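Okay, here's what each chain looks like letter by letter:
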Amino acid sequence: MFEEIKIGIIGGGQLGSMLIRYAIDFGLNVSVLDIDPEAPCSRYSNSFHLGDPLKFEDVVNFGKNLDIVTIEKEAVDVTALKRLRDIGVKVYPSPETLEIIQDKYLQKEYLKKFDIPVAMGWLITDKEELSRHADKLPAVLKKCTQGYDGRGVLKLRTVEDISKAFNGPCVLEELVDIRQEISVIVSRSESGIIECYDPVHMVFDEERMLLDFQICPADLDNDTAVRICTIAKQVAKAVDLTGIMAVEMFVASNGKVYVNELAPRPHNSGHHTIEAARTSQFEQQIRLILGLPMGRTDSTMPSAMINILEPAAHRKQAIMNALKTILFADNVHLHWYGKRGGIEGRKMGHITITDVQREEAIAKSIMIRHILKCGHA
Ligand code: ADP
């Protein structure tokens, strides 16, 4: 039965720990690999392996005796995943899918081949080359690899900004006049069945380029909503996905839709599916990598989701008091990740608010964000 299936999760952060929660429902035997001995999963798996997901040996040693290996972050050694697959371990997403997604330029070029709309971009090898592209400013500079949560993304408005540019390979991308940032969790079975969760509107903190809160369903006209889901499905097919994937998109002010980024794993923008969809993104991932039937992806209720970031040290007690106040409200669900504190701005948890009325969920989330910021109602 299921307890005989040995599953490995590479990455032991909050996404991994939420995946474990659903793996428990299936009675699975879960191992986790992470470089940080204090990663959240270290407390939830008695088979927690300390090792570097970017090191070939660590990944192969971790996975070689498992049946299925999956990921909760993209920064994983792909050669090791290929080796695991060659020795008979099932790997989801496929190493090839991951390879495309690990490099922002490669990803863009790959999607273009399938006529998937992406913003125009130019490969830049170093700062010196960047100054030869000054005519393309204003634009956005993105590190090709290893960028996340806005680290590795820089808006270049004028030539003076070039001095702040990253070293190493980057993509210089046209600046899109964004009306809405949308994410769709798409779900694809090994046999090719594809379904989309309802699109989510993500609202970013402009300064830190970090997700502030999100609303599901996004406020989209029918035509755009259909177009977005069609594109998400095209992307899932193009990368031959098995499992779930977040497809982040921009809706530009002229109505055009661009695919910005892919994450072939459970994603921050799918947290609301725990309380507000028929099947959570985590259960869906477990079902799909086990080859079980896909769960329903429709929403059960509108929702809003707020990330809780590590506050400045002097505000810790205020946040704790605020959480106690917030939890008096109905249909407010706290997820605390149990991460080591001390890094201001780090994602420490999230709150999902559900309501039969979308506007009510939004109103409540505005109030909760205010309480979190100010410490009182
Ligand atoms: P990360 O991989 O760090 O999440 P993203 O590519 O998602 O980086 O970019 C972070 C944020 O920067 C986006 O959510 C968006 O707000 C902004 N951004 C990224 N690309 C563009 C673009 N081409 N035009 C305008 N804004 C952009």
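Here goes a summary of the coordinates provided. These numbers come from a predicted model, not from an experiment. Sequence order sets the numbering: in each chain, residues are counted from 1 along the sequence as written. Local features in this predicted model are restricted to residues whose pLDDT is 70 or higher, and side-chain atom pairs enter the listing and the counts only when it is 80 or higher, whereas totals over whole chains, interfaces and linings include all residues. Neither water nor hydrogens contribute to the side-chain values; these are computed over all heavy atoms in the structure.

### Here's the deal with the site of the ligand
Rules: Whether a residue is near a molecule or strand depends on its heavy atoms: if one lies within 4 Å, it is near. The definition of a polar contact used here is a pair of N or O atoms within 3.5 Å, where within protein one atom must be able to donate a hydrogen and the other to accept one, and adjacent residues in sequence count solely through side-chain atom pairs. Here the accessible surface of atoms and residues is derived via Shrake-Rupley with a 1.4 Å probe, and residues count as covered only by protein chains that are part of the display. Helix and strand assignments follow DSSP, with helices taken as H or I runs no shorter than four residues and strands as E runs no shorter than two, numbered in order from the N terminus. Residues were grouped as follows: Ala, Val, Leu, Ile, Met, Phe, Trp, Tyr, Cys and Pro as nonpolar; Asp, Glu, Lys and Arg as charged; and all remaining residues, including Gly, as polar.
Residues in close proximity to the ligand total 19 residues, the closest being Lys104, Gly150, Glu173, Glu181 and Glu261. Within the side chain of Lys142, a nitrogen or oxygen atom sits 2.9 Å from a nitrogen atom of the ligand. At 2.9 Å, a backbone N or O of Glu174 approaches a nitrogen atom of the ligand. Protein burial of the ligand: of its 550 Å² of free accessible surface, 95% is covered by the chains. Broken down by secondary-structure element, the contributors of at least two residues to the shell around the ligand are β7 (139–143), β8 (153–156), β9 (170–174), β10 (178–188) and β15 (257–263). In terms of residue class, the shell around the ligand is built from nine nonpolar, two polar and eight charged.

### Structural notes on the packing of helix α10 (residues 316–326) against helix α11 (residues 358–374)
Counted only if it meets this: Axes, fitted as lines to C-alpha atoms, cover a helix only where it is in contact. Angles between the N-to-C directions of the axes lie from 0 to 180 degrees. An angle below 35 degrees is read as roughly parallel, one above 145 as roughly antiparallel, one from 65 to 115 as roughly perpendicular, and any other as oblique. By definition, any crossing whose near helix is turned counterclockwise from its far helix by less than a right angle is left-handed, and any crossing with a clockwise turn is right-handed. Here, two residues are considered to be in contact whenever any of their heavy atoms come within 4.5 Å of each other.
At a minimum axis distance of 8 Å, the contact between α10 and α11 shows a crossing angle of 155 degrees. It follows that α10 is roughly antiparallel to α11 by the angle criterion. As α10 runs across α11, the sense of the crossing is right-handed. Along the contact surface, α10 presents Ile319, Ala322, Leu323, Thr325 and Ile326, while α11 presents Ile368, Ile371 and Leu372. Here the residues of the contact of α10 with α11 are counted per class, giving seven nonpolar, one polar and no charged.

### Some words on unusual backbone geometry
What counts here: Residue exposure (1.4 Å probe, protein chains only): buried if accessible area is under 20% of the type maximum, exposed if over 50%, otherwise partly exposed.
Residue Pro138 is reached from Leu137 by a cis peptide bond, and omega for that bond is 0 degrees. Tracing the sequence through the fold places Pro138 in the loop between α6 (127–131) and β7. Across the junction of Cys216 and Pro217, the peptide omega takes the value 0 degrees, indicating a cis bond. Along the chain, the position of Pro217 falls in the loop between β13 (210–216) and α7 (222–238). Notably, Asn331 is not glycine yet its phi reads approximately 55 degrees, a positive angle. Taking the relative accessible area as the measure of exposure, Asn331 reaches 37% and is therefore partly exposed.

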